[in-house]
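# Structural overview
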Amino acid sequence: MDQQIEMVEMKPYNEYIAMTELIYLTDSYQKELTTTVVSIEKHGNLWEVVLTATIFYPEGGGQPSDRGTITGKNGKAHVKHVRMKGDLVIHECTLEGKLSPDDEVRGTIDWQVRYTNMRLHSAGHIVHEAVRLVAPNLTPTKGYHHDDAYIEYIGSLPIDTQYRIEKESNALVEQNVPLTTELVSMEELQKRTPWAPEHLPKHKPLRILTIGTLLPIPDGGTQVRTTGETGEIHITKIENADDHVRVYYTIEQAAQGAPAADTSPAQTLTAAQLTGMLLDVQNDTISHAITPLESKNALAELTKKIRLVPPQDRQAVGIVVTEVKQSIESALSASSSDLDARRSTNDSWFDVTMPGIRPPEGHLHIVTQAITEISKIFATIGFTRVRHPEVDWDYYAFEALNMPASHPARDEWETFFIEYPGKPARATPGVARGKMVLTPHTSNGQVREMEKGKLPIRMINIAKCYRRQIDVSHTPMFHQFEGLYVDTDVSIAHLKGVLDYFAQQFFGPERKTRLRPFHFQFTEPSFEVDISCGICNGTGKLANGDPCRLCKAGWLELGGAGMVHPNVLRYGGVNPDTHSGFAFGWGVERTYMMKSGTQLDDIRLLYSNDVRFLEQF
Ligand code: PHE
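Right, let's walk through the structure included here. (Residues numbered from 1 in each chain as written. Predicted model: local features only at pLDDT ≥ 70, side-chain atom pairs only at ≥ 80, totals over all residues. Heavy atoms only, no water.)

On to the packing of helix α1 (residues 111-134) against helix α6 (residues 311-334). Where α1 meets α6, the closest approach of the two axes is 9 Å, and the angle between their N-to-C directions is 60°. Considered as vectors, α1 and α6 are oriented oblique to each other. Note on element contacts: α6 touches α1 through Pro311, Gln312, Arg314 and Gln315, opposite Trp111, Gln112, Tyr115 and Arg119. Residue composition of the contact of α1 with α6, by class: three nonpolar, three polar and two charged. (Axes fitted to C-alpha atoms, helices over the stretch in contact; angles between N-to-C directions. Helix = DSSP H or I, 4+ residues; strand = E, 2+ residues; numbered from the N terminus. Parallel < 35°, antiparallel > 145°, perpendicular 65-115°, else oblique. Contact = heavy atoms within 4.5 Å. Nonpolar A, V, L, I, M, F, W, Y, C, P; charged D, E, K, R; others polar.)

Quick look at the structure:
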């Protein structure tokens, strides 16, 4: 039986102290405190003790009050209930011996009760966050964190949200995120929280609670440090009534202070065992024995196991979990380049010696390839590649090639004439350069090359040509390569030799050329050059006796050639009495197609920029 001693002198509480310092507001893990007695009064059967500071939580905010003892040099009070009265905390006690004002006393809370209350309270906040996820617009009215714990909201919730709320709650528990509290002003509280109750005390430090990175909410209770400490949460019932709904929840039985009777040894772990397992994961991760993904999964599993540890040890283990997570994170970010490689292969086996994946590689356009090859072949026999304008005067394209303005031969070249804004200059005194054309052939380079005044000439002029023709075998823009050889004593035999050389280099050693008489204004004599067919070997017949379908009687047409007309030499300033020359001009596209044996249904494909076609060459 408590021995109760009456106090002699009594004063109203408020004359002693303005308010009790609330230690539990800033440290919910403090179990003992040395402080002084402010007053002690008997009310009915119980003594009401006021202290300068207290670690005892007064009932409120849905959390039950603490119990414990207040011990002085002459007596010991057993705290049965604690409540708030104004700014003071009243400890309702039974008393052994005597406590007097100004006595130094040691307050000790019943940690088992406190920790259970704390876990239940924190679990309530976790459930609230889960409800917010499922139904963001519900307004909370109160929380009750005793037996039959619940959170109440204005409005209603479909019953089938029960499972989701439970799942979201336990997701937060498994993440083991921190619960942090801050003392704030009323103004700050209203600014930072999405919801605040109407009855908040006006002139006191207020507190907000933040779970992980979620929005803070006002709270004055005691809270665990990390969500994992609450253990698994069950949503037992969703109760809709009139205008409000209650979400009932429990945490496991063992947490209620009395360990569950049926807890088998396999379902319990000591704090030391779990700590050991956590440190193993940490070491394995840092030494790369396990991948980051395996590490993450292992940590999640171990976090769940916190509830298998005796309740009084969970706080300590929770801190270890947080520390292990932090050290793993910093270790992983330090070696992130290595790990990026692992991650990119889905955290699975990764062989650094494996051949890489080649990015698609482009190549030169088929016509560019042909131009390069043609230039090389002629370079070996002393023909230099030159460039002459692709937009040129009528004079170089026709007039100087022995085709005066009215000459009907011009009609063969379906020429584009273009407007020239300036005044045409004169080629040679007295000779008009005429209109400007998009060169219909590369022969404009002949006189231009001669005008350079250097003999002998061995040029190969490869350029774009333009003709007003577009169909399956013509594009309005195409390429020609023009050969010109001017020297003393140049004969048809030289022309034939050069053509054979090119044909054998370009098409193959067994190929031959033949010259067929033809007519051009700028050559005399003129020829069409044919090359022996590569399929039927110039016979016009296949092995089985069928006629060759590629060629005409064993020969394919390449293009024009001839001995340079004396008039053209004169236009170029070369004396036809001392010098002679030959010229040839063929289409690049056509010649290249003949080589590859490619029979294009439509030559326009070359310039349609379709990669599916171009990448085949
Ligand atoms: N320029 C002529 C053409 O385009 C080809 C050619 C060039 C013929 C040189 C003879 C000499 O068809």
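Let's pick the thread back up.
Let's shift gears to the pairing of strand β25 (residues 580-587). Burial analysis of β25 places seven of its eight residues in the buried class, which makes it a mostly covered element. Here strand β21 (residues 477-487) pairs with β25 via eight bridges, running antiparallel. Residue pairing across strands places glutamate 482 opposite glycine 585, the latter belonging to β25. Pairing of strand β24 (residues 555-564) with β25 involves five bridges; the strand directions are antiparallel. Across the sheet, methionine 563 pairs through a bridge with phenylalanine 582, a residue of β25. (Buried < 20%, exposed > 50% of the residue type's maximum accessible area, 1.4 Å probe, protein only. Pairing = 2+ DSSP bridges.)

With that out of the way, let us pick up the packing of helix α8 (residues 366-379) against helix α11 (residues 492-506). Closest axis-to-axis distance for the α8/α11 pair is 10 Å, and the angle between their directions is 130°. On the basis of the axis angle, α8 is oblique to α11. As α8 packs across α11, the resulting crossing turns out to be right-handed. Along its contact with α8, which presents Glu373, Ile374, Ile377 and Phe378, the element α11 presents Val498, Tyr501, Phe502, Gln505 and Phe506. Grouping the constituent residues of the contact of α8 with α11 by class yields seven nonpolar, one polar and one charged. (Left-handed = near helix turned anticlockwise from the far one by under 90°.)

Read from one edge of the open sheet, three strands run β17-β19-β18, paired in antiparallel fashion. The sheet terminates laterally at β17 (391-393) and β18 (416-418), the two strands that pair on one side only. For this sheet, the mean angle separating the axes of adjacent strands, direction not counted, is 40°. The pairing of β18 with strand β19 (residues 436-438) spans three bridges and is classified as antiparallel. In the strand pairing of β19, phenylalanine 416 is matched with leucine 438.

The next subject is the site of the ligand. Looking at the ligand, there are 15 residues lining it, with His441, Ser443, Arg467, Gln480 and Gly585 nearest. Here tryptophan 413 contributes a side-chain N or O atom positioned 3.5 Å from an oxygen atom of the ligand. The separation between a nitrogen atom of the ligand and a polar side-chain atom of serine 443 is 2.8 Å. In isolation the ligand exposes 320 Å². Once the protein is present, 93% of that is buried. Using a 2 Å cut-off from the grid points, one finds that the ligand occupies the largest pocket. Among the secondary structure elements, those contributing two or more residues to the shell around the ligand are β21, β24 and β25. Top element by residues in the shell around the ligand is β25. It accounts for three residues. (Near = heavy atom within 4 Å. Polar contact = N/O pair within 3.5 Å; in protein donor to acceptor, adjacent residues only side chain to side chain. Areas by Shrake-Rupley, 256 points an atom, 1.4 Å probe, with all protein chains shown as cover. 1 Å grid on protein atoms, 1.4 Å probe; cavity = no way out; pocket = protein on both sides within 12 Å on 5 of 7 lines; lining within 4 Å. Sits in = over half its atoms within 2 Å of the grid points.)

Once that is clear, we can look at the nonpolar core. The biggest cluster of nonpolar side chains holds 56 residues, and the ones touching the most others in it are Ile70, Val127, Leu157, Ile165, Ile233 and Tyr249. No fewer than three residues from each of domain 1 (13-109) and domain 2 (115-251) sit in this core. Not counting the four nearest positions on each side in its chain, isoleucine 233 is found in contact with Ala123, Ile126, Val127, Glu166, Ser169, Asn170, Val173, Tyr249, Thr250 and Ile251. Grouped together as the second largest cluster of nonpolar side chains are 42 residues, Ile374, Leu499, Phe527 and Phe584 included. (Core = buried A, V, L, I, M, F, W, Y, C linked by side-chain atoms within 4.5 Å. Domains from an automatic or database assignment.)

Taken in spatial order, the six strands of this closed barrel run β2-β3-β7-β6-β5-β8, and their pairing is antiparallel. Strand-to-strand twist across the sheet, computed as the mean angle between neighbouring axes with direction ignored, equals 45°. Pairing of strand β6 (residues 75-85) with strand β7 (residues 88-97), which is carried by ten bridges, proceeds in the antiparallel orientation. Bridge pairing in β7 places histidine 78 opposite threonine 94.

On to α11, then. If you check α11, its first and last C-alpha atoms are 21 Å apart, about what 15 residues at 1.5 Å a residue would give, namely 21 Å. Taken residue by residue, α11 has Leu495, Val498, Leu499, Asp500, Phe502, Ala503 and Phe506 as its buried positions. Looking one or two residues beyond α11, the residue adopting positive phi is glycine 508, at roughly 140°. (Expected span 1.5 Å × (residues − 1).)

With the rule as written, the count across this model stands at 29 aromatic pairs. Considering the side-chain rings of phenylalanine 378 and phenylalanine 481, the 6.1 Å spacing of their centres and the 50° angle between planes classify their relative orientation as tilted. Here the residue phenylalanine 378 occupies a position in helix α8, and phenylalanine 481 occupies one in strand β21, the gap between them amounting to 103 residues. A single burial state applies to phenylalanine 378 and to phenylalanine 481, both of which are buried. Geometrically, the ring pair formed by tyrosine 485 and phenylalanine 582 is edge-to-face, given 5.5 Å between the ring centres and 75° between the ring planes. Highlighted residues: tyrosine 485 in strand β21 and phenylalanine 582 in strand β25, separated in sequence by 97 residues. Residue classification places tyrosine 485 among the buried residues on the basis of a relative accessible area of 15%. Joined through ring pairs, the aromatic side chains of Phe378, Phe383, Phe481, Tyr485, Phe502, Phe506, Phe507, Phe582, Phe584, Trp586 and Tyr592 make up one cluster. (Phe/Tyr/Trp six-rings, centres within 6.5 Å; stacked < 30°, edge-to-face > 60°.)

Keep in mind these numbers describe shape, not what the thing actually does.
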